Amino acid sequence: MHSIDIEMIPGEATSPPIRVGAASIDHAEIAREMQYHPADSAGDARLKAARALVVRELLRQRAGQQGLAVDGEADIEAAIAALLEHELDVPEPSEADCRRFHGTHSERFSDPTRLRVRHVLLAAAPDDAPARDDGYRRGQALIAQLREAPQRFTELAQRHSDCPSRDQGGELGWLVPGQTVPELDRALQHLPVGLHGRPLASRYGWHLVIIDAREEGRKRPFDEVADRVRHSLREQATRRALRHYLLALEAEIGVEGIALDDEAGSALMQ
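Just so we're clear, the structure is a prediction, and the values are computed from it rather than from any experiment.

1. Quick word on the overall build of the protein chain
When you go through the protein chain residue by residue, the secondary structure sums to eight helices and ten strands. The globule rule puts the C-alpha radius of gyration for 270 residues at 18 Å, and the 26 Å found for the protein chain is more than 25% above it. Here the C-alpha coordinates of the protein chain stretch approximately 75 × 55 × 25 Å along the principal axes. In the protein chain, which comprises 270 residues, the proportion classed as buried is 39%. Sequence separation of 24 or more characterises 61% of the internal contacts of the protein chain that already satisfy a separation of 6 or more. Carbon and sulfur atoms provide 50% of the accessible area of the protein chain, an area that totals close to 15,500 Å². Here the protein chain contributes 34 positive and 45 negative side-chain charges, whose respective centroids are spaced 8 Å apart.

Pasting the structure below:
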């Protein structure tokens, strides 16, 4: 019987044991794996780590059944790659499928809108109501000064901003969606060029924002992005095929103490 033989982590003994066929996966191994699966909570990270180890063990056992060497780490990785290459059936998307996908998801293959941004951050924690109120009032006063003398932005950023960008006069450079925290990102996408008339909220506090330039995104025709579209569809198909394959292995080999979910095998695609 193959087993993972490591010390038990304190406080984990009450969790049900995890078994994959005749193999056991203990709590210490799961704890070590957690560093590779960041999540919003330790519980979520532990669950992701446990599922990743179950997936690996299912594939290791299947590779062994197929006569592939699975004795060392290098052997296991090579065997899993060979196994999936041989047994995973991933259909190649047709051009019609690709064109249809591009037509319904054209925004995924567009050049994003770019904004050249300067800001002043007045820091305040989300749960500190007095600091948030004070920061908003300070922000309004600074915006009033900037309306009268916009050329003072660099000076005011250097004096008042709590962001490291103050050393560059508040310059953030060209930003595209996803480069700031989501709540600020959403607000910035709708702003015209110029000084915004009120402070913008984020988890970090209040932002006084000037949009110096705006370059609108452009939808790219299918012929320019055909390879990217085909890659996206093939990746989706691979995920689906891998999920079905792993769920079939789960039923055949047997897994106790945990169940694979709809995202089974997603860690293998990263």
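After that view, the rundown keeps rolling.
2. Considerations on the pattern of salt bridges
Counted according to the given criterion, the structure contains 19 salt bridges. The partner of Arg 32 in a salt bridge is Glu 29, with the nearest N and O atoms 3.4 Å apart. With Arg 32 and Glu 29 both in helix 1 (residues 27-33), this residue pair falls three residues apart, about one helical turn. Arg 99 is paired through a salt bridge with Asp 223; the nearest N and O atoms lie 3.5 Å apart. Of this pair, Arg 99 sits in helix 4 (residues 95-104) while Asp 223 sits in helix 8 (residues 222-253), placing them 124 residues apart in sequence. With relative accessibility at 42%, the residue Arg 99 sits in the partly exposed group. On the accessibility criterion, Asp 223 (64% relative accessible area) is exposed. Three or more residues joined by partner-sharing salt bridges are found here, namely Asp 111, Arg 218, Arg 220 and Glu 224.

3. What to know about the packing of aromatic side chains
Applying the stated criterion to the full structure yields two aromatic pairs. Where Tyr 136 meets Trp 206, the ring centres are 4.8 Å apart and the plane angle is 65 degrees; that geometry is what we call edge-to-face. One end of the pair, Tyr 136, is in helix 5 (residues 129-148); the other, Trp 206, is in strand 8 (residues 205-215), and 70 residues separate them in sequence. One residue, Arg 118, lies across the ring of Phe 153, its end atom 5.0 Å from the ring centre.

4. Let's talk about the nonpolar core
By size, the foremost hydrophobic cluster in this structure holds 32 residues, and its most contacted members are Val 54, Leu 58 and Leu 59. For this core, the elements supplying multiple residues, two or more each, are strand 1 (18-20), helix 2 (42-65), helix 3 (73-87) and helix 8. For this core, the element with the highest residue contribution is helix 2, accounting for nine residues. Val 54 has contacts with Ile 18, Val 20, Ile 25, Val 255, Ile 258 and Leu 260, leaving out every residue within four places of it along the chain. In terms of nonpolar packing, the next biggest core, distinct from the first, is built from eleven residues, Leu 122, Leu 142, Ala 157 and Trp 206 among them.

5. Side note on the pairing of strand 8
Bridging between strand 4 (residues 114-123) and strand 8 involves ten bridges; their strand directions are antiparallel. Residue pairing for strand 8: Val 120 is matched across the bridge by Leu 208. Taken together, the two bridges between strand 6 (residues 194-195) and strand 8 define a ladder with antiparallel strand orientation. Paired with Leu 195 across the two strands is Ile 210, which belongs to strand 8. With three bridges joining them, strand 7 (residues 200-202) and strand 8 adopt antiparallel strand pairing. Looking at strand 8, one finds that Leu 200 is bridged to His 207. Linking strand 7 back to strand 8 in an antiparallel pair, the connection comprises two residues.

6. Examining the sheet that holds strand 1
Pairing is antiparallel in the open sheet, where three strands are placed in the order 2-1-10. Edge positions in the open sheet fall to strand 2 (23-25) and strand 10 (255-256), since each of these has one partner strand only. Strand direction decides the pairing type here: strand 1 and strand 2, joined by three bridges, are antiparallel. If you follow Arg 19 over to strand 2, its bridge partner there is Ser 24. Of the strands in this sheet, strand 1, strand 2 and strand 10 touch helix 2, which is tilted by about 20 degrees from strand 1.

7. Remarks on helix 3
Relative to the 21 Å expected for 15 residues at 1.5 Å per residue, helix 3 spans 21 Å between its end C-alpha atoms, a close match to the ideal helical length. Where helix 3 is concerned, the buried positions are Ile 76, Ala 79, Ile 80, Leu 83 and Leu 84. Down the axis of helix 3, the smallest arc covering the buried residues is 125 degrees, so these residues share one side. For helix 3, the exposed residues lying more than 90 degrees away from the buried face are Ala 74, Glu 85 and His 86.

Rules and cut-offs
- Residues numbered from 1 in each chain as written.
- Predicted model: local features only at pLDDT ≥ 70, side-chain atom pairs only at ≥ 80, totals over all residues.
- Heavy atoms only, no water.
- Helix = DSSP H or I, 4+ residues; strand = E, 2+ residues; numbered from the N terminus.
- Rg over C-alpha atoms; globule rule 2.2 N^0.38 Å.
- Buried < 20%, exposed > 50% of the residue type's maximum accessible area, 1.4 Å probe, protein only.
- Contact = heavy atoms within 4.5 Å.
- Areas by Shrake-Rupley, 256 points an atom, 1.4 Å probe, with all protein chains shown as cover.
- Lys, Arg positive; Asp, Glu negative; His and termini not counted.
- Charge placed at Lys NZ, Arg CZ, Asp CG, Glu CD.
- Salt bridge = Lys/Arg side-chain N within 4 Å of Asp/Glu carboxyl O.
- Phe/Tyr/Trp six-rings, centres within 6.5 Å; stacked < 30°, edge-to-face > 60°.
- Lys NZ or Arg CZ within 6 Å of the ring centre and 35° of its normal.
- Core = buried A, V, L, I, M, F, W, Y, C linked by side-chain atoms within 4.5 Å.
- Pairing = 2+ DSSP bridges.
- Axes fitted to C-alpha atoms, helices over the stretch in contact; angles between N-to-C directions.
- Expected span 1.5 Å × (residues − 1).
- Arc of directions from axis to C-beta.

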